[in-house]
Amino acid sequence: MVAVMMASTTLSIAKVMWKKSVQNGSQNQEWIFDGNDPLDPAHYQQNDTGESLEDMCEGGATLCGVIAPEGSEGPDLSDPGLQNRIQNPGNYSDVFFQP
């Protein structure tokens, strides 16, 4: 019974947080890297291919795309952790690489 109540509370909190993020415009989106400077938001295009970055990018050392909220010129890349993942190829849930 307690587990069901906790799950319901967690789900309710998640819904409220999602609604707030949508209202604030901070919902994460997929962005394809198409430039020379991976830390410059202007070097990304919103992914409108119908295919997810996870499916498009096969892993490797070349930046393919990121999942981030929208900023003024493309993705908001201001998070230091995100910047670190962009610059250090690996297996991440928000930064994708290709061969």
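Calculation rules
- Residues numbered from 1 in each chain as written.
- Predicted model: local features only at pLDDT ≥ 70, side-chain atom pairs only at ≥ 80, totals over all residues.
- Heavy atoms only, no water.
- Helix = DSSP H or I, 4+ residues; strand = E, 2+ residues; numbered from the N terminus.
- Buried < 20%, exposed > 50% of the residue type's maximum accessible area, 1.4 Å probe, protein only.
- Contact = heavy atoms within 4.5 Å.
- Areas by Shrake-Rupley, 256 points an atom, 1.4 Å probe, with all protein chains shown as cover.
- Phe/Tyr/Trp six-rings, centres within 6.5 Å; stacked < 30°, edge-to-face > 60°.
- Core = buried A, V, L, I, M, F, W, Y, C linked by side-chain atoms within 4.5 Å.
- Disulfide = S-S within 2.5 Å.
- Pairing = 2+ DSSP bridges.
- Axes fitted to C-alpha atoms, helices over the stretch in contact; angles between N-to-C directions.

S.K.: How should I be thinking about the overall build of the protein in this particular structure?
M.R.: Helix and strand counts for the protein stand at 3 helices and 4 strands. Sequence-ordered secondary structure for the protein, helices as α and strands as β, is α-β-β-α-β-α-β. Counting only residues that meet the buried cut, the protein has 21% of its 99 residues in that class. For the protein, the proportion of contacts with a sequence separation of at least 24, taken over those separated by at least 6, is 55%. Surface accessibility of the protein: about 6700 Å² in total, with carbon and sulfur atoms responsible for 52%.

S.K.: Would you mind going over the packing of aromatic side chains with me for this structure?
M.R.: How two aromatic rings sit relative to each other is set out by the distance from centre to centre and by the angle between their planes. Per the counting criterion, the structure on display carries 2 aromatic pairs. With 5.3 Å between their ring centres and 55 degrees between their planes, F33 and Y44 make a pair best called tilted. Taken together, the residues span a long stretch of sequence, with F33 in strand β1 (residues 28-33) and Y44 in strand β2 (residues 44-46) at a distance of 11 residues. In terms of burial, F33 and Y44 fall into one category: buried.

S.K.: I tried to follow the nonpolar core on my own but got confused; where do I start?
M.R.: Note that soluble globular proteins tend to have their nonpolar side chains buried in a common cluster. Listed in full, the 11 residues of the largest apolar core are W31, F33, Y44, L63, V66, A68, L77, L82, I86, V95 and F97. Of all the secondary structure elements, the ones that give two or more residues to this core are β1, β3 (62-69), α3 (80-87) and β4 (95-98). The element best represented in this core is β3, accounting for 3 residues. With sequence-adjacent residues up to four places away left out, L77 is seen in contact with P38, L39, D40, P41, Y44, V66, L82, Q83 and I86.

S.K.: Explain the state of the cysteines here, please?
M.R.: Joining two cysteines, a disulfide is a covalent bond between their sulfur atoms. Taken as a whole and assessed by the stated rule, the structure comprises 1 disulfide. Residue pairing for C57: its cysteine sulfur links by disulfide to C64, the two sulfurs lying 2.0 Å apart. Disulfide C57-C64: torsion about the S-S bond near -70 degrees, hence left-handed. Neither C57 nor C64 differs from the other in exposure class; each is buried.

S.K.: Would you explain the sheet that holds β2 in this entry?
M.R.: To summarise the sheet geometry, strands pair through backbone hydrogen bonds and adopt either a parallel or an antiparallel arrangement. Strands sit in the order β2-β1-β3-β4 across an open sheet of 4 strands; the sheet is antiparallel. The sheet terminates laterally at β2 and β4, the two strands that pair on one side only. Each strand of the sheet is rotated relative to its neighbour by a mean of 30 degrees, with strand direction disregarded. Across 5 bridges, β1 lies against β3 in antiparallel orientation. Note that in β3 the partner of I32 across the bridge is G65. Those strands touched by α3 are β2, β3 and β4, and its axis lies near 10 degrees from that of β4.

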